[in-house]
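The residues making up each chain are set out below.
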Amino acid sequence: MINCQRTLVLIKPDGVHRGLIGEIISRLENRGLKLVAMEFRHITKEFAEEHYAAHKGKPFFNGLVKYITAAPLVAMVWEGSDAIKAVRQTVGATNPTEAAPGTIRHDLSILTSRNLIHASDSVESAEAEIKHWFKEEDIFPWERDHEEWITGLN
Ligand SMILES: Nc1ncnc2c1ncn2[C@@H]1O[C@H](COP(=O)(O)OP(=O)(O)OP(=O)(O)O)[C@@H](O)[C@H]1O
Ligand SMILES: [Mg+2]
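What you see is a predicted model, and the numbers here were worked out from it, not measured in a lab. (Residues numbered from 1 in each chain as written. Chains lettered and ligands numbered in written order. Predicted model: local features only at pLDDT ≥ 70, side-chain atom pairs only at ≥ 80, totals over all residues. Heavy atoms only, no water.)

### Let's talk about the UniProt feature "domain: Nucleoside diphosphate kinase-like" (unreviewed entry) in the protein
Argument step 1. Look at the UniProt record and you will see "domain: Nucleoside diphosphate kinase-like" (unreviewed entry) annotated at residues 4-141.
Argument step 2. Helix makes up 41% of residues 4-141 and strand 20%, whereas the separation of the span's terminal C-alpha atoms amounts to 12 Å. (UniProt positions renumbered as here; feature names shortened; annotations may be inferred. Helix = DSSP H or I, 4+ residues; strand = E, 2+ residues; numbered from the N terminus.)

Following this line, the structure appears as structure tokens:
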């Protein structure tokens, strides 16, 4: 597989409450990405503050931590060719009213403060976030039978 990457994806508590776990996972599966780790988890304030450390001090920080810790979420690692960019594209822009039609945020949400999903934004953040959320032994690489039809090169 060319440029194989892993990226951290969270279905935030609004996605869980709204019953959108299956819909969001389907969109990533349909894109041709491969799930290699998944956990249903209710995170602490401290864990959330660490995850969103880059936003510490911003006016929305406390509300963001409250939102992400308000209920359980689904944490996942997805793998694929250029997975970081591909997932961000399928997720859409941070503000759902600026997200392109066809993206998860456009199609399923309307406000930045309830934008359903998180996805790593760079190789460096993906690496750090996956380390923060998952132990190596909880990530399960596997071979897809039809890989050639998704990531084959000509
Ligand atoms: N102005 C804002 N008001 C309320 N919440 C915000 C605002 N800006 C960002 N957020 C929340 O903080 C999250 C992190 O912001 P960031 O700029 O990293 O966007 P993102 O990378 O698109 O989203 P994420 O990091 O969750 O994948 C956003 O997804 C959103 O839930
Ligand atoms: Mg971000």
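Let us keep going from here.
### Focus on the sheet that holds strand 1 (residues 4-11)
Argument step 1. The four strands are arranged 2-3-1-4 in an open sheet whose pairing can be described as antiparallel. Every interior strand has two partners, whereas the edge strands, strand 2 (34-41) and strand 4 (117-119), have only one. Adjacent strand axes in the sheet meet at a mean angle of 20 degrees when their direction is disregarded.
Argument step 2. Taken together, the eight bridges between strand 1 and strand 3 (residues 73-81) define a ladder with antiparallel strand orientation. By the bridge assignment, Val 9 is partnered in strand 3 with Met 76.
Argument step 3. Running at roughly 10 degrees to strand 3, helix 2 (residues 21-31) makes contact with strand 1, strand 2, strand 3 and strand 4 of the sheet.
Argument step 4. Against the sheet, helix 7 (residues 123-133) makes contact with strand 1, strand 2, strand 3 and strand 4, and its axis sits at roughly 60 degrees relative to strand 1, the strand it touches most. (Pairing = 2+ DSSP bridges. Axes fitted to C-alpha atoms, helices over the stretch in contact; angles between N-to-C directions. Contact = heavy atoms within 4.5 Å.)

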